[in-house]
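Residue strings, one per chain:
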Amino acid sequence: MRTKLVAGNWKMHGNFGANLTLLTRIKEAATGFAPACAVCVPFPYLAQAQSVLAGSLVAWGAQDVSEHAQGAYTGEVSAAMLVEFACRYVLVGHSERRALFGESDAVVAAKFAAALKAGLTPILCVGETLAEREAGITGAVVTRQLDAVIANLGVAALQRAVLAYEPVWAIGTGRTASPQQAQEVHALIRARVAGCAANVAQNVQILYGGSVKASNAQELFAMPDIDGGLIGGASLVAEDFLAICRAA
Ligand code: PEP
């Protein structure tokens, strides 16, 4: 039986004052939650997240990680560094990283490998653009993105990871995939994993991300293959994020 997970992606937002208010409220309200709940914060705020959330039911993590272990890679942050802040999760392959920072499937797979090796749980993001959806190649795109990781590390690696289906056209646009549209792709992703290992497919959490709000979370999370959400904008407002967690 899979449990639900709701993870916030703060993107490049926050400051010490606002973070403290947000993290404290989430931590206090999360005491009664059955679903797991996590926040992925900008690197400079990892120490603050650790300090506020340690000992609570809320996990924390980062939004990116270097594929390299260490060395002359100016500006990069290694998986081992994230472990020093007691991160549990790290996003890899978010569509903004793929589109704006040129991360290829191969780079994403290498980042995924680096995260796993350090003991972090990577949240692998996959999803199609609007043009790809309209061209009828959604399945081919998400399969390609997923296969890059499976080919590199083997399907068993997904036992220690989370998947997130995030249609690019739904991220930050206010345009959510319908529960049926999302379920269709989630089922396809699970079937693809099942083609390699049925038990892994049965257990892997697949989150939906893309303009999830308190008002649409419940119907999305009711779908059989949707195991929670990856939440951008709404994760910056405590009561909105908490309402989504409660919906899970
Ligand atoms: C995201 O950044 O992963 C995301 C899903 O953003 P939003 O919820 O704002 O669409």
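As shown above, the structure is provided for reference.
Residues numbered from 1 in each chain as written. Predicted model: local features only at pLDDT ≥ 70, side-chain atom pairs only at ≥ 80, totals over all residues. Heavy atoms only, no water.

1. Regarding the state of the cysteines
Within the structure shown, the criterion is met by 0 disulfides. Cys37 forms no disulfide, and the closest cysteine sulfur to it belongs to Cys245, at a distance of 3.9 Å. Of all cysteine sulfurs in the structure, the one in Cys125 sits closest to Cys196, which takes part in no disulfide; the separation is 20 Å. Residue classification places Cys196 among the partly exposed positions, given a relative accessible area of 44%. (Disulfide = S-S within 2.5 Å. Buried < 20%, exposed > 50% of the residue type's maximum accessible area, 1.4 Å probe, protein only.)

2. Description of the layout of surface pockets
There is about 450 Å³ of room inside the largest pocket. Lining the largest pocket are 19 residues, with Lys11, Met12, Gln63, Arg97 and Phe101 sitting closest to its centre. Per-element accounting of the lining of the largest pocket gives the leading share, 3 residues, to helix α4 (residues 95-100). Residues of the lining of the largest pocket, tallied by class, amount to 9 nonpolar, 5 polar and 5 charged. As for the second largest pocket, its lining consists of 17 residues, of which Gly172, Gly210, Ser211, Gly232 and Gly233 are closest to the centre. Of the residues belonging to the lining of the second largest pocket, the class tally is 5 nonpolar, 9 polar and 3 charged. (1 Å grid on protein atoms, 1.4 Å probe; cavity = no way out; pocket = protein on both sides within 12 Å on 5 of 7 lines; lining within 4 Å. Points joined across faces, edges and corners; volume = space filled by probe spheres on them. Helix = DSSP H or I, 4+ residues; strand = E, 2+ residues; numbered from the N terminus. Nonpolar A, V, L, I, M, F, W, Y, C, P; charged D, E, K, R; others polar.)

3. Some thoughts on helix α11 (residues 238-247)
The complete set of buried residues in α11 reads Ala238, Phe241, Leu242, Ile244 and Cys245. Seen along its axis, α11 keeps its buried residues to an arc of 160°; they face one direction. (Arc of directions from axis to C-beta.)

4. Observations regarding the packing of helix α7 (residues 138-153) against helix α8 (residues 179-194)
Where α7 meets α8, the axes come as close as 10 Å, and the angle between the chain directions of the two elements is 45°. The orientation of α7 with respect to α8, classified from their angle, is oblique. For the pair α7 and α8, the sense of crossing is right-handed. The residues of α8 that touch α7, namely those facing Thr138, Gly139, Val142, Thr143, Leu146 and Asp147, are Val185, Leu188, Ile189, Arg192 and Val193. Taken together, the residues of the contact of α7 with α8 sort by class into 6 nonpolar, 3 polar and 2 charged. (Axes fitted to C-alpha atoms, helices over the stretch in contact; angles between N-to-C directions. Parallel < 35°, antiparallel > 145°, perpendicular 65-115°, else oblique. Left-handed = near helix turned anticlockwise from the far one by under 90°. Contact = heavy atoms within 4.5 Å.)

5. Considerations on the site of the ligand
The ligand sits among 14 residues. The nearest are Lys11, Glu166, Gly172, Ser211 and Gly232. His94 is positioned such that a nitrogen or oxygen atom in its side chain is 2.9 Å from an oxygen atom of the ligand. In the model, an oxygen atom of the ligand is placed 2.7 Å from a nitrogen or oxygen of the Glu166 side chain. For the ligand, whose free accessible area comes to 290 Å², the fraction covered by protein is 96%. One can see that the ligand is located within the second largest pocket. (Near = heavy atom within 4 Å. Polar contact = N/O pair within 3.5 Å; in protein donor to acceptor, adjacent residues only side chain to side chain. Areas by Shrake-Rupley, 256 points an atom, 1.4 Å probe, with all protein chains shown as cover. Sits in = over half its atoms within 2 Å of the grid points.)

All we've got here are geometric facts, nothing functional implied.
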